[in-house]
Amino acid sequence: MIHELHKAGYQRIRFQSGMAPSGMHWRCAITHAGNVEADGLSFRDGSPGEEVAHHSSATGDRYFGWEDAAGRSARELAVLFIERYPPIVQKGDGRDWAYAGWLTDILGRAEVGASDAIPVFFADYPISVDPEWLPPAPVR
């Protein structure tokens, strides 16, 4: 979905992802580059609301708690995201080729089944993140 948003001109939309404490569910938070620290990963404000959208794989295909998300394509989910998170989308408008390229690389690795292809940057237990996998700093 984020890749679809990038293709539509919203390359300043960013995400961070990690694992739930049980290690069973993947979590994802989406914001705009203006809410990301210089490390390219940490959010200035990570609380759910107008600036950040949260999803957990524990909710299955009810992405972001949406009851009408099941069976939707990534492009269709991007359209819903644009409608339902206008503050993130408005602030995410613009080019950020370094980040968009990084995300394309991550998605390509996932599509070919690389063993480390699912981005996990945080967990409530020790993890090691290869610096090569870290996103670039935001363009200000």
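The coordinates are above.
Because the structure is predicted, anything quoted here is derived from the model rather than measured.

1. Re the overall build of the chain
Phase 1 of the analysis: Scanning the chain for helices and strands turns up 4 helices and 3 strands.
Phase 2 of the analysis: Each helix and strand of the chain, ordered N terminal to C terminal, gives the series α-β-β-β-α-α-α.
Phase 3 of the analysis: Expected size for 140 residues packed as a compact globule is a radius of gyration near 14 Å; at 14 Å, the chain falls within 12% of this value.
Phase 4 of the analysis: Across the 140 residues that make up the chain, the buried fraction comes to 39%.
Phase 5 of the analysis: If you take every contact in the chain between residues at least 6 apart in sequence, the share linking residues at least 24 apart comes to 59%.
Phase 6 of the analysis: With an accessible surface of roughly 7500 Å², the chain has 54% of that area assigned to carbon and sulfur atoms.

2. Some points on the sheet that holds strand S3 (residues 53-56)
Phase 1 of the analysis: Ordered by their spatial adjacency, 3 strands build an open sheet running S1-S2-S3, and the pairing between neighbours is antiparallel. In this open sheet, the two strands that pair with only one neighbour each are strand S1 (13-19) and S3. In this sheet, neighbouring strand axes are inclined to one another by 20° on average, regardless of whether the strands run parallel or antiparallel.
Phase 2 of the analysis: When S1 meets strand S2 (residues 26-32), the two strands line up antiparallel, connected through 7 bridges. Note that in S2 the partner of isoleucine 13 across the bridge is histidine 32.

3. Some thoughts on the packing of aromatic side chains
Phase 1 of the analysis: The tally for this structure, following the rule as stated, stands at 8 aromatic pairs.
Phase 2 of the analysis: Ring geometry for phenylalanine 15 and tryptophan 102: centres 5.9 Å apart, planes at 35°, overall tilted. Of this pair, phenylalanine 15 sits in strand S1 while tryptophan 102 sits in helix H4 (residues 97-111); the two residues are 87 residues apart in sequence, bridging distant segments of the chain. One exposure class covers both phenylalanine 15 and tryptophan 102, and it is buried.
Phase 3 of the analysis: Positioned over the ring face of tryptophan 66 is arginine 84, at 5.1 Å from the centre of the ring.

4. Quick look at the side chain of asparagine 35
Phase 1 of the analysis: Positionally, asparagine 35 belongs in the loop between S2 and S3.
Phase 2 of the analysis: On the basis of relative accessibility, which here comes to 5%, the residue asparagine 35 falls in the buried class.
Phase 3 of the analysis: A polar atom in the side chain of asparagine 35 sits 2.9 Å from the side chain of threonine 31.
Phase 4 of the analysis: Every residue in contact with asparagine 35, bar those within four places of it in the chain, is listed here: Ser42, Phe43, Arg44, Asp45, Glu51 and Val52.

5. Here we look at the pattern of salt bridges
Pairing is possible between side chains of opposite charge, provided their charged atoms come close.
Phase 1 of the analysis: Following the criterion strictly, the structure yields 9 salt bridges and no others.
Phase 2 of the analysis: The closest approach of N and O atoms between glutamate 4 and arginine 75, which form a salt bridge, is 3.0 Å. In this pair, glutamate 4 is assigned in helix H1 (residues 2-7) and arginine 75 in helix H2 (residues 74-84), connecting sequence segments 71 residues apart.
Phase 3 of the analysis: Judged by relative accessible area, which is 15%, glutamate 4 ranks as buried.
Phase 4 of the analysis: With a relative accessible area of 52%, arginine 75 lands in the exposed category.
Phase 5 of the analysis: The salt bridge involving glutamate 67 is made with arginine 62; its shortest N-O contact spans 2.9 Å.
Phase 6 of the analysis: By sharing partners, the salt bridges in this structure join Glu4, Lys7 and Arg75 into a single network.

What counts and how
- Residues numbered from 1 in each chain as written.
- Predicted model: local features only at pLDDT ≥ 70, side-chain atom pairs only at ≥ 80, totals over all residues.
- Heavy atoms only, no water.
- Helix = DSSP H or I, 4+ residues; strand = E, 2+ residues; numbered from the N terminus.
- Rg over C-alpha atoms; globule rule 2.2 N^0.38 Å.
- Buried < 20%, exposed > 50% of the residue type's maximum accessible area, 1.4 Å probe, protein only.
- Contact = heavy atoms within 4.5 Å.
- Areas by Shrake-Rupley, 256 points an atom, 1.4 Å probe, with all protein chains shown as cover.
- Pairing = 2+ DSSP bridges.
- Axes fitted to C-alpha atoms, helices over the stretch in contact; angles between N-to-C directions.
- Phe/Tyr/Trp six-rings, centres within 6.5 Å; stacked < 30°, edge-to-face > 60°.
- Lys NZ or Arg CZ within 6 Å of the ring centre and 35° of its normal.
- Polar contact = N/O pair within 3.5 Å; in protein donor to acceptor, adjacent residues only side chain to side chain.
- Salt bridge = Lys/Arg side-chain N within 4 Å of Asp/Glu carboxyl O.

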